[in-house]
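Residues per chain are reported as follows:
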Amino acid sequence: MLDKDRIPRHVAVIMDGNGRWATKRNLPKMSGHNAGMQAMKEIVKRASTLGIEHLTVYAFSTENWKRSVEEINGIFGLIVVYVAKELKELDENNVKVKVLGDYSKLPEKSVESLEKALKTTENNTGLQFNIALNYGGRDDIRRAVTDIAKLAAAGRISPDDIDEQLISDYLWTGVHHANVPDPELIIRTSGELRLSNYLLWQCAYSEFVITNTLWPDFTPEEFEKCIEVFQGRDRRFGGRNK
Ligand code: FPP
């Protein structure tokens with residue numbers, strides 16, 4: 001049984017398997033992403049009901065630009081559809097939308113939709129729904145290092161002031177951007193055992209739960225099961241429990 005008193009503050013998800021889901025059905029890849037968007041919508045709702053503070057989804061990585069123009073534009077088109085269909089409900093449910101990554105590189109219509117979602121929900125105090133878009137873990141660290149190097153070059157900090165907290169502060173998840181704690185739990189669907197450049201710094205002590213389910217088939221019930229698995233883990237953070 002899910003322990004409602006020990007819900008993780010931040011769950012991050014790698015929504016993998018949309019392509020395979022479509023291929024299995026002889027459908028174009030976009031049908032998989034479309035079904036993936038429906039699955040995502042339900043997980044956001046359940047995360048909100050469970051009282052999770054942060055849900056982060058990997059919607060488009062810095063490496064996904066290698067895909068075909070049709071697929072890339074299809075995924076960006078889904079952002080427009082999602083915001084048009086769901087923003088009202090997200091707002092009514094007090095969900096706050098944030099983006100991790102430089103979304104200014106997306107097509108204008110997607111940027112406009114995202115900005116509308118960010119603006120409409122900025123004062124909400126419920127679930128924070130972080131969408132990782134044009135996000136890469138190495139790029140996240142690179143950007144933070146650049147920002148910190150600029151501070152040092154301007155004499156505003158000394159190189160000796162650079163500690164782990166300062167680096168965390170300048171990541172997309174840091175206080176200067178989306179302000180998200182490190183994820184306690186990372187869920188990956190479709191059975192791949194890799195991190196794919198997701199939240200590299202932030203996952204230092206995350207628990208991983210991998211399921212073979214393809215993302216479009218992932219249900220809120222399975223999401224709760226993943227949290228139950230997490231709750232059964234012995235987290236020691238490098239120390240000992242006895
Ligand atoms: C990975 O599956 C999934 C993606 C790269 C895209 C995820 C996008 C969505 C769920 C669309 C909705 C998002 C928003 C923010 C509206 P894959 O294509 O790599 O699957 P495969 O490994 O089976 O090919």
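It should be noted that the structure appears before, not after, this text.
This section reports on the structure supplied with the text. (Residues numbered from 1 in each chain as written. Predicted model: local features only at pLDDT ≥ 70, side-chain atom pairs only at ≥ 80, totals over all residues. Heavy atoms only, no water.)

**Observations regarding the pairing of strand 3 (residues 96-100)**
Line of reasoning, step 1. When strand 3 meets strand 4 (residues 128-135), the two strands line up parallel, connected through five bridges. In the sheet register, Lys98 faces strand 4, and the bridge partner there is Asn130.
Line of reasoning, step 2. Note on the crossover from strand 3 through helix 4 (residues 108-121) to strand 4: the handedness is left-handed. (Pairing = 2+ DSSP bridges. Helix = DSSP H or I, 4+ residues; strand = E, 2+ residues; numbered from the N terminus. Right-handed = clockwise from strand over helix to strand, strands pointing away.)

**Notes on the layout of surface pockets**
Line of reasoning, step 1. By volume, the largest pocket amounts to about 770 Å³.
Line of reasoning, step 2. It is helix 3 (residues 69-92) that contributes the most residues to the lining of the largest pocket, six residues altogether.
Line of reasoning, step 3. Grouping the amino acids of the lining of the largest pocket by side-chain chemistry returns 14 nonpolar, eight polar and nine charged.
Line of reasoning, step 4. When its volume is computed, the second largest pocket comes out at roughly 150 Å³.
Line of reasoning, step 5. Among the elements of the structure, strand 3 and helix 4 are those that each provide at least two residues to the lining of the second largest pocket. (1 Å grid on protein atoms, 1.4 Å probe; cavity = no way out; pocket = protein on both sides within 12 Å on 5 of 7 lines; lining within 4 Å. Points joined across faces, edges and corners; volume = space filled by probe spheres on them. Nonpolar A, V, L, I, M, F, W, Y, C, P; charged D, E, K, R; others polar.)

**Here we look at the site of the ligand**
Line of reasoning, step 1. In the vicinity of the ligand lie 17 residues, with Asp16, Asn18, Gly19, Arg20 and Arg67 positioned nearest.
Line of reasoning, step 2. Taking Asp16, its side chain carries an N or O atom lying 3.0 Å from an oxygen atom of the ligand.
Line of reasoning, step 3. Gly19 places a main-chain nitrogen or oxygen 3.0 Å from an oxygen atom of the ligand.
Line of reasoning, step 4. Notes on the ligand: free accessible area 630 Å², of which the protein chains cover 90%.
Line of reasoning, step 5. In this structure, the ligand is accommodated by the largest pocket. (Near = heavy atom within 4 Å. Polar contact = N/O pair within 3.5 Å; in protein donor to acceptor, adjacent residues only side chain to side chain. Areas by Shrake-Rupley, 256 points an atom, 1.4 Å probe, with all protein chains shown as cover. Sits in = over half its atoms within 2 Å of the grid points.)

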